[in-house]
Structure formats: structure tokens, C-alpha cells
Amino acid sequence: MAEYKDDKLEYIESDIKKIQMKTGMYISYVGKRGARHLAIETIQNAIDECANKNSPCDKISIVLDLLEDSLSVEDNGRGIPEDSFPLDIVCTKLQSGSKFTREQSGYSSGENGVG
């Protein structure tokens, strides 16, 4: 068996720090392309919620504020079940969504959103 010769192994506990250090591993791009990718994922998440037969969602609001350089996407769907999954976990921990098995979430065109 070959001996491992790398002189430095690292482990980062914080998922947010992992993403900050190696953003390209999680969203593929940085800068304007990365922002566009995240915008598409966010909008697609709302569309998926509206298309889900188990959701009451029938409205999506998308606001691009050029003065504030911000994007706001809202839908009137089910939201994040905060009683089962606290926001600090859902919004800051990797792999904390419901898209790991299709029997849980049905069809979805996006893979990166958590709700």
C-alpha cells in the first residue's frame, strides 16, 4: 500500500466558511456568472414550488432593484417547515434540503436550493 505523502490535511467545521473558501465547488462560478446562477436557482425554486401538486402556491413575485443591486423572489407556497428544520440549519448547513430522494420532492429542475 502506498504511503500518503501530503503534508497538510485540513478540516473546516463551518459550512459557510467552506463555501466562502471554495465557492466554485458549490455554485460553479463566481462574480457576475455566479450571481446569475444563484438568481436562476432562486427563481427556479419558486417555480418548482408553484408547479408542485402538494403546494398551495399560485403566486410568484420577482423584483430586481437596480438601485439597491438586489433581487427578491417570493412565493406563497409552503415555505421551510421551521418546526422540523430550524432556519439556522436549513440556511447555513450543506445538504440540508429535501431533494436527496425524488420520492420526497417529486420533479425538480433545480438541485441547489433548500427552500
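All values reported here derive from a predicted model rather than from experimental measurement.

(A) The pairing of strand β1 (residues 60-65), seen in detail. Bridging between β1 and strand β2 (residues 70-75) involves 6 bridges; their strand directions are antiparallel. Bridging from a neighbouring strand, Ser61 pairs with Glu74 of β2.

(B) Representation of unusual backbone geometry within the structure. One non-glycine residue, Asp69, lies in the positive phi region at around 55 degrees. Secondary-structure assignment places Asp69 in the loop between β1 and β2.

(C) Inspection of the pattern of salt bridges at higher detail. In total, this model carries 2 salt bridges according to the counting rule given. Note that Asp15 and Lys18 form a salt bridge whose closest N and O atoms lie 3.1 Å from each other. Of this pair, Asp15 and Lys18 are both found in helix α1 (residues 15-21), 3 residues apart, which corresponds to roughly one turn of the helix. With relative accessibility at 22%, the residue Lys18 sits in the partly exposed group. The partner of Arg78 in a salt bridge is Glu49, and the shortest N-O contact between them spans 2.7 Å. Separated by 29 residues along the polypeptide, Arg78 in the loop between β2 and α4 (87-90) and Glu49 in helix α3 (residues 31-51) bring together distant segments of the chain.

(D) Broad picture of the layout of surface pockets. What the second largest pocket holds in volume is close to 180 Å³. In terms of lining residues, the second largest pocket is bounded by Ala35, Arg36, Leu38, Ala39, Thr42, Leu64, Asp69 and Leu71. Looking at the lining of the second largest pocket, the element that brings in the most residues is α3, giving 5 residues.

(E) Representation of the confidence of the model for the chain. Averaged over every residue, the pLDDT of the chain is 82; residues scoring 70 or more account for 81%. Put simply, helix α5 (residues 102-105) is where the chain has its lowest mean pLDDT, 55, and β1 is where it has its highest, 97.

Rules used throughout
- Residues numbered from 1 in each chain as written.
- Predicted model: local features only at pLDDT ≥ 70, side-chain atom pairs only at ≥ 80, totals over all residues.
- Heavy atoms only, no water.
- Pairing = 2+ DSSP bridges.
- Helix = DSSP H or I, 4+ residues; strand = E, 2+ residues; numbered from the N terminus.
- Salt bridge = Lys/Arg side-chain N within 4 Å of Asp/Glu carboxyl O.
- Buried < 20%, exposed > 50% of the residue type's maximum accessible area, 1.4 Å probe, protein only.
- 1 Å grid on protein atoms, 1.4 Å probe; cavity = no way out; pocket = protein on both sides within 12 Å on 5 of 7 lines; lining within 4 Å.
- Points joined across faces, edges and corners; volume = space filled by probe spheres on them.
- pLDDT = per-residue confidence, 0-100.

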